[in-house]
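Chain by chain, the residues:
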Amino acid sequence: MELGYHIYIMSTQSTNVDATKGIQYTTTLTLLGLTFLLNFSAIFLRSRIRGRRA
Amino acid sequence: MSTNGMTKIQTKNLNLFYGSKRALEDVSVDIPGNQVTALIGPSGCGKSTFLRSLNRMNELIPDVRIEGKVLIDGINIYDRSIDVVELRKRVGMIFQKSNPFPKSIYENVAYGPKINGVRDTTTLDSVVESSLKRAALWEEVKDDLRKSALALSGGQQQRLCIARALAVDPKVLLMDEPASALDPIATAKIEELIYELKDNYTIVIVTHNMQQAARVSDFTAFFYMGGLVEFGETKRMFTTPEEKQTEDYITGRFG
């Protein structure tokens, strides 16, 4: 949530929005990376637990 | 330099350096709550730098070094334990150039609360309505909320940006020359709005326009070459300034 809000602030409250584009893209990439990482971890854990139970 | 009212923002010996260049020099001031404080001074005197230091936006500039303290409600915002994102939620900022998203009017205002975790559409609708009302824009756009924000006039876009800032419920509003790119009618609307908003928000505004500072602000701070020369009630500053430099600037002898 904080990363999303950080992107929002950088795009609306920065004196020079163009100058913070780098920060915005990097934060977006980090946010997407974390989302995928969490999802893949969940998929991996679920398949392992299912495998044990089967 | 202090005021008798309830202090909302306090700076103590604030120094700011861009590399080796000193942009702010020992600035100590008490900014009162629920009042409008205008920052005036010639170009490059440090007023915008001072404004940005109140929500740590200066940290985005490379080679910036900050010394001293900035206290908001008695808490030093430069303390290591301070969450910068949380701080910027409480301290909103509005600029000279309005920068609405290329989305609908509704989406522009609702985006902040949405990303803040508000999902309920009824709550979002009421936040959008109350923010647009507080920004004195509701009556003009209430039937066109799905229209692109970019189709609005310059003055309306600026008020939309103010509504967007208000939607996340800040306590302090920082305005960096919010009306300098607008025509006199739009400027008058923004000034009226600033006057109305001070009941609920502490407002700090940077302006190059002396008449505007005299019209909208309760307190004025005069900056010169990075230092705070004089701070006091606007009426007194514009009639009987204590410092010669302030008088010269206000009367247009330099700047």
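Calculation notes
Residues numbered from 1 in each chain as written. Chains lettered and ligands numbered in written order. Predicted model: local features only at pLDDT ≥ 70, side-chain atom pairs only at ≥ 80, totals over all residues. Heavy atoms only, no water. Helix = DSSP H or I, 4+ residues; strand = E, 2+ residues; numbered from the N terminus. Rg over C-alpha atoms; globule rule 2.2 N^0.38 Å. Buried < 20%, exposed > 50% of the residue type's maximum accessible area, 1.4 Å probe, protein only. Contact = heavy atoms within 4.5 Å. Areas by Shrake-Rupley, 256 points an atom, 1.4 Å probe, with all protein chains shown as cover. 1 Å grid on protein atoms, 1.4 Å probe; cavity = no way out; pocket = protein on both sides within 12 Å on 5 of 7 lines; lining within 4 Å. Points joined across faces, edges and corners; volume = space filled by probe spheres on them. Buried area = accessible area lost by both parts, 1.4 Å probe. Salt bridge = Lys/Arg side-chain N within 4 Å of Asp/Glu carboxyl O. Polar contact = N/O pair within 3.5 Å; in protein donor to acceptor, adjacent residues only side chain to side chain. Axes fitted to C-alpha atoms, helices over the stretch in contact; angles between N-to-C directions. Parallel < 35°, antiparallel > 145°, perpendicular 65-115°, else oblique.

*Asks:* How do you make sense of the overall build of chain B when you look at a structure like this?
*Replies:* Scanning chain B for helices and strands turns up 10 helices and 10 strands. Here the C-alpha atoms of chain B give a radius of gyration of 18 Å, agreeing with the 18 Å that 2.2 N^0.38 yields for 255 residues. Every one of the 255 residues in chain B was classed for burial, and the buried ones make up 56%. The contacts in chain B between residues at least 6 apart in sequence include a share of 67% that link residues at least 24 apart. For chain B, the accessible area works out to roughly 11,400 Å², and carbon and sulfur atoms hold 48% of it.

*Asks:* Just to check I follow, could you spell out the layout of surface pockets for this structure?
*Replies:* Rolled over the atoms, a probe sized like a water molecule indicates the empty space that remains. By volume, the largest pocket amounts to about 390 Å³. Lining the largest pocket are 16 residues, and of these A:Ile7, A:Ser11, A:Gln24, B:Phe101 and B:Tyr111 sit closest to its centre. Of all elements in the fold, only helix H1 (2-12) and helix H2 (21-53) of chain A together with helix H3 (105-115) of chain B reach the threshold of two or more residues within the lining of the largest pocket. Considering only enclosed or pocket space, the second largest pocket measures out at about 250 Å³ in volume. Around the second largest pocket, the lining residues are A:Ser14, A:Thr15, A:Asn16, A:Val17, A:Asp18, B:Phe95, B:Gln96, B:Lys97, B:Ser98, B:Asn99 and B:Asp176.

*Asks:* Hey, could you run me through the side chain of B:Thr49 in this one?
*Replies:* Residues and elements named next belong to chain B. Note on placement: Thr49 falls in helix H1 (residues 47-53). In this structure Thr49 comes out as buried when scored by relative accessible area, which is 8%. Sequence-distant contacts of Thr49, defined by excluding residues within four places in its chain, comprise Leu16, Tyr18, Ala23, Leu24 and Asn58.

*Asks:* What exactly am I supposed to notice about the interface of chain B and chain A here?
*Replies:* Of the residues lining the interface, 22 residues belong to chain B; the matching set on chain A comes to 16 residues. Across the chain B/chain A interface, buried area totals approximately 1,700 Å², and carbon plus sulfur atoms make up 62% of it. Looking at the side of chain B facing chain A, the largest losses of area belong to B:Leu60, B:Val85 and B:Ile115, adding up to 30% of the total buried there. If you look at where chain B meets chain A, you find one salt bridge. One salt bridge connects A:Glu2 with B:Lys89, and the closest N-O pair in it is separated by 3.5 Å. The interface formed by chain B and chain A contains three residue pairs in polar contact (both at pLDDT 80 or more). Among the secondary structure elements, those contributing two or more residues to the side of chain B that touches chain A are helix H2 (84-90), strand S6 (91-94) and H3 of chain B.

*Asks:* Any chance you could explain the packing of H1(A) against H3(B) here in plain terms?
*Replies:* Packed helices, taken two at a time, are described by the angle their axes make and the gap between the axes. Two elements in contact, H1(A) and H3(B), have axes separated by 9 Å at closest approach and are oriented at 150 degrees. Here H1(A) is positioned roughly antiparallel relative to H3(B), judged by the angle of their axes. Side by side, H1(A) and H3(B) meet where A:Gly4, A:Tyr5 and A:Tyr8 of the first sit next to B:Tyr111, B:Gly112 and B:Ile115 of the second.

In short, geometric facts, not functional conclusions.
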